[in-house]
Amino acid sequence: MKRFIGLLLVLSLTLMLGGISTSVSAADEMTFYVIAHTGPGDPFWAVVQRGVQDAGKALGVKAIFQGPAGYNVPEQVNMFNAAMEAKADGIATSISDARAWVAPIKEARGRGIPVVAINCQEPDEYRGTIPYMAYIGMNEYEAGKMVAYKLMPKLKKGAKAVVAIHQAGHVGLEARAKGITEVLTDELGGKVDKLDITQDATQAIGILRSYLKANPDTVAIFTVGPLGAIPAIKMIRDDGLKGKILFASFDLEPNTIQAIKDGICEGTVDQQQYLQGFMAVVELYLNAKFKLDPADYDTGRGFITQETAEIVEILVQQGYR
Amino acid sequence: MDGQGPSPVLGSRITPEPDVDTLQKHSFWKSLLHHREIGVACALIIVFTVFFSLQKHFLSSGTLGDIVTIAAELGVVAVGASFLMISGEMDLSVGSNFAFGGMILAMLITKQNWNPLLAFIVAISCSAGIGALNGLITLSIGIPSFITTLGAMMFWRGVALYLTQGWPISIFEDVPLLRWLGGGRVVATVHISAVWWLIIGVIFWIVLQKTPYGNWVFATGGKRGAARALGVPDVKVKLINFTLIGLLAGMGGCFQLGRMGSMSPVWGQELALEAIAASVIGGNALTGGVGSILGTMLGAITMASIRIGLVMIGAPAYWYMSFVGFIVVAAVALNVKLGEVISWKK
């Protein structure tokens, strides 16, 4: 019995190390790390991981995606430090906290390790305090402008629109709303109201409904994420507003995609996170190889419409979107 | 080790009449085997060997500094967990208390403009109070500490989320106290929190091994009835240990705030189980009565090494859990087997 247990322990350890050592390779190979604040257990980050791995294969370098099991900044910082000690040729990380990243990234740059930011940045008022070389991710404000431009051909001059925010004060969501509002008022002379619909779906429907009752001349609704899109879609369906009101949103999510296919939603902005993983490795590789300085890359240029919804749905299942 | 006898099958296999040399060797090994830290020491050696063979940068001063820095934040809580575990109780709310302590400190400094030192004292006192409350509820009503602290874990996490509305609190100004808590470095990548952890570890080791209070802690967790008959104030001991683990959890949170400059109400979620795992790897019995502070500290270092090592060799992050799970069982199995061998040799 004792021998059996001993054997079992040795066997399982060997298997574990065997599994790990297959991912460990030659010492002179270039190694890049992409470190996120959440690991590949989150479907969003699983797509980023896929981008990192594909870039590694395409370039013939070792590209490693790492992230804590759940949202955990200190652990992410620990992983970043470990990547630094492993003498990585470049590291990409999400700026998940404006304060916690100042020291680690300064340290890495001080040691001559190139660092780029992916997915999220520090808020505007702290911009420039963290010395990463470039940002690869969605520019929220530009994405807001894009969605407004996409809908503009369908809107008359001076049209009235509403931007529904489900989390008032959220920096990213407010930037999306700002982009929409600016384009519609400046370019179209439209009137845009901002509406706090809360994160509660039932409340959100009530708030939207009473807004439309009070403002019957509203021709377009924008929501800034799934938590706003889901109640808005339900209201449009329930109240038979299809074809009477234009609607667009942000992010990929089954309800929104279905609404696009049904012609209820004009389109949704996709931040194309696969690019955040793939391009981070590419930019770090080019920096290590040819000293090319990494450049900002706006991944949030994806806009999914009725024509592309079906193919995107398949790509979501395949783990690329 | 309740004096389990040797199995007859095992006993018959041993050759009789060893010569003097082997006897001396035996007594050396025997004295070594008496240390509960032997299991964790073996685990640590294996972990280091494996990582060093796969990644030559693993044994650098930078890596070792990172390891002790991570171990400090976990280890300061694990030391408290061991103390409480030896006295026969456990605390699942340490993760929430950790975040709560850090939050209070961050909030008092940024929102109330308090003197940082006073804010620190208030923050760790709050955490100690939460620990004491856990103890009071557990001991006065007589519900298992598992239940009390499970409830406390959820309750205080909720309170921390409410107080901050879910947002992290960051301190952008240069506050010297934060550098003293964990932001500053002593040498290479070793942060000052590692020094505080070492000091706390030594204090708790002395209390446990060299004072009557330490004896009471062991007695309370070992045979409570006998301890009570001998006049050990077991309820008081447990209450003090609940308070101490609260205090240490709050300190851990403040160390992390010092290093990060930010504290989020959702950080430290896995801390309770990690602290228990570090204690168990270090040779503490979940049932109480036996344990070692040195073992616990080595346990925390083992876990931090796994965390850093796996990233350095580029293994998928999820191996961490599997690896820790493996080490927990292997280290405890080794301790149990050694326990059998020792009692047989007696």
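Residues numbered from 1 in each chain as written. Chains lettered and ligands numbered in written order. Predicted model: local features only at pLDDT ≥ 70, side-chain atom pairs only at ≥ 80, totals over all residues.

A.B. asks: Could you give an account of the overall build of chain B, with specific residues and numbers?
C.D. replies: When you go through chain B residue by residue, the secondary structure sums to 15 helices and four strands. In chain B, which comprises 346 residues, the proportion classed as buried is 52%. Long-range pairs, those at least 24 residues apart, make up 79% of the contacts in chain B between residues at least 6 apart in sequence. (Helix = DSSP H or I, 4+ residues; strand = E, 2+ residues; numbered from the N terminus. Buried ≥ 20, exposed ≤ 12 C-beta atoms within 10 Å, placed from the backbone. Contact = placed C-beta atoms within 7 Å.)

A.B. asks: Tell me about the overall build of chain A, and please be specific about residues and values.
C.D. replies: Across its full length, chain A holds eleven helices and twelve strands. For chain A, buried positions account for 47% of its 321 residues. The contacts of chain A with a sequence gap of at least 6 include a subset with a gap of at least 24, amounting to 74%.

A.B. asks: Can you explain the sheet that holds strand β11 (residues 297–298) of chain A? Please cite residues and give values.
C.D. replies: Residue and element names in this part refer to chain A. Reading across from one edge, β2-β1-β3-β4-β5-β11 is the order of the six strands in this open sheet, with parallel pairing throughout. Of all the strands in the sheet, just β2 (62–66) and β11 have a single pairing partner and so form its edges. Taken together, the four bridges between strand β1 (residues 31–35) and strand β3 (residues 90–94) define a ladder with parallel strand orientation. Its bridge partner lying in β3, Val 34 is registered against Ala 92. With respect to the sheet, helix α3 (residues 73–85) is in contact with β1, β2 and β3, its orientation differing from that of β1 by roughly 175°. (Pairing = 2+ DSSP bridges. Axes fitted to C-alpha atoms, helices over the stretch in contact; angles between N-to-C directions.)

A.B. asks: Can you tell me about the sheet that holds strand β9 (residues 246–250) of chain A, naming the residues and giving the values?
C.D. replies: Residue and element names in this part refer to chain A. With respect to topology, six strands assemble into an open sheet ordered β7-β6-β8-β9-β10-β12, the strand pairing being mixed. Either end of the sheet is taken by a strand with one partner, and the two such strands are β7 (191–196) and β12 (302–304). The mean angle between the axes of side-by-side strands here comes to 20°, regardless of whether they run parallel or antiparallel. Here strand β6 (residues 160–165) runs beside strand β8 (residues 218–223); their pairing, made up of five bridges, is parallel. Its bridge partner being in β8, Ala 164 is matched across the sheet by Thr 223.

A.B. asks: An account of the interface of chain A and chain B is needed here, citing residue identities and associated values.
C.D. replies: Opposite the 32 residues of chain A that make contact, chain B presents 34 residues. Counting residues per element, the ones that place at least two in the side of chain A that touches chain B are α1 (2–21), β2 and α3 of chain A. Element by element, the count of residues in the side of chain A that touches chain B is highest for α3(A), at nine residues. A per-class count over the side of chain A that touches chain B returns 17 nonpolar, ten polar and five charged. (Nonpolar A, V, L, I, M, F, W, Y, C, P; charged D, E, K, R; others polar.)

A.B. asks: Now, about the domain arrangement of chain A: what can you tell me, with residues and values included?
C.D. replies: All names here are of chain A. Each domain of chain A was delimited in the assignment, giving domain 1 (28–138 + 272–301) and domain 2 (140–270). Relative to domain 2, the C-alpha centre of domain 1 lies at a distance of 32 Å. Taken together, the six residues of domain 1 in the interface contact seven residues of domain 2. Across the side of domain 1 that touches domain 2, the residue classes break down as two nonpolar, two polar and two charged. (Domains from an automatic or database assignment.)

A.B. asks: Explain helix α8 (residues 176–183) of chain B to me, using residue names and the numbers behind them.
C.D. replies: All names here are of chain B. Here α8 has its buried residues at Leu 178, Leu 181, Gly 182 and Gly 183. Within α8, the buried residues cover an arc of 120° as seen down the axis, which keeps them to one side. Looking at the buried positions of α8, the neighbouring elements they touch are β3 (190–191), α9 (192–210) and α12 (234–260). (Arc of directions from axis to C-beta.)

A.B. asks: Quick rundown of the pairing of β2(A)? Include the residues and the values.
C.D. replies: Residues and elements named next belong to chain A. The buried fraction of β2 is high, at four of five residues. Both β1 and β2 contribute to a ladder of five bridges, which runs parallel. When the bridges of β2 are listed, Phe 32 appears paired with Ala 63. Each parallel crossover has a hand, and for β1 linked through helix α2 (residues 43–59) to β2 it is right-handed. (Right-handed = clockwise from strand over helix to strand, strands pointing away.)

A.B. asks: Lay out the environment of B:Ser145 with the relevant residues and their values.
C.D. replies: All names here are of chain B. Among the structural elements, Ser 145 can be located in helix α7 (residues 145–164). Along the backbone, Ser 145 and Glu 89 are 56 residues apart, and their C-alpha atoms lie at a distance of 6.1 Å. Ignoring anything within four residues of it in the chain, the contact list for Ser 145 reads Glu 89, Met 90, Asp 91 and Thr 138.

A.B. asks: An account of the packing of α8(B) against α12(B) is needed here, citing residue identities and associated values.
C.D. replies: Residue and element names in this part refer to chain B. Contact geometry for α8 and α12: axes closest at 7 Å, N-to-C directions at 110°. As judged from the angle between their axes, α8 and α12 are roughly perpendicular. The element α8 and its partner α12 pack so that their crossing is left-handed. For the pair α8 and α12, the contacting residues are Leu 178, Leu 181, Gly 182 and Gly 183 in the first and Cys 254, Phe 255, Gln 256, Leu 257, Gly 258 and Arg 259 in the second. Each residue belonging to the contact of α8 with α12 can be placed in one class, and the counts come to five nonpolar, four polar and one charged. (Parallel < 35°, antiparallel > 145°, perpendicular 65-115°, else oblique. Left-handed = near helix turned anticlockwise from the far one by under 90°.)

A.B. asks: Got a sec to walk through unusual backbone geometry? Specific residues and values, please.
C.D. replies: Residues and elements named next belong to chain A. The phi angle at Asn 119 is positive, at roughly 70°, despite the residue not being glycine. Relative to the assigned elements, Asn 119 resides in the loop between β4 (115–118) and β5 (135–137). Of note in the backbone geometry, Asp 251 takes a positive phi value of approximately 80° without being a glycine. Secondary-structure assignment places Asp 251 in the loop between β9 and α9 (254–261).

A.B. asks: Which residues make up the environment of A:Val183, and what values do they have?
C.D. replies: Residues and elements named next belong to chain A. Within the secondary structure, Val 183 is located in helix α6 (residues 171–188). Owing to 21 C-beta atoms within 10 Å, Val 183 belongs among the buried residues under this scheme. Note: C-alpha distance between Val 183 and Ala 148 (35 residues apart in sequence) is 6.3 Å. Ignoring any residue separated from it by four or fewer positions in sequence, one finds Val 183 in contact with Lys 145, Ala 148 and Tyr 149.

A.B. asks: Tell me what's going on with the confidence of the model for chain B, and back it up with residues and numbers.
C.D. replies: Looking at chain B as a whole, its pLDDT mean stands at 88, while 88% of the residues score no less than 70. Interface confidence for the predicted complex, expressed as ipTM, amounts to 0.86; the pTM equals 0.86. (pLDDT = per-residue confidence, 0-100.)

A.B. asks: Now, about the packing of helix α5 (residues 94–110) of chain B against helix α6 (residues 116–141) of chain B: what can you tell me, with residues and values included?
C.D. replies: Residue and element names in this part refer to chain B. Where α5 meets α6, the axes come as close as 8 Å, and the angle between the chain directions of the two elements is 150°. One way to sum up the angle between α5 and α6 is to call them roughly antiparallel. Seen along the crossing, α5 lies across α6 with a hand that is right-handed. Here Asn 97, Phe 100, Gly 101, Ile 104, Leu 105, Leu 108 and Ile 109 of α5 come into contact with α6, specifically with Pro 116, Ala 119, Phe 120, Val 122, Ala 123, Ile 124, Cys 126, Ser 127, Ile 130 and Gly 131. Its residues placed into classes, the contact of α5 with α6 shows 13 nonpolar, four polar and no charged.

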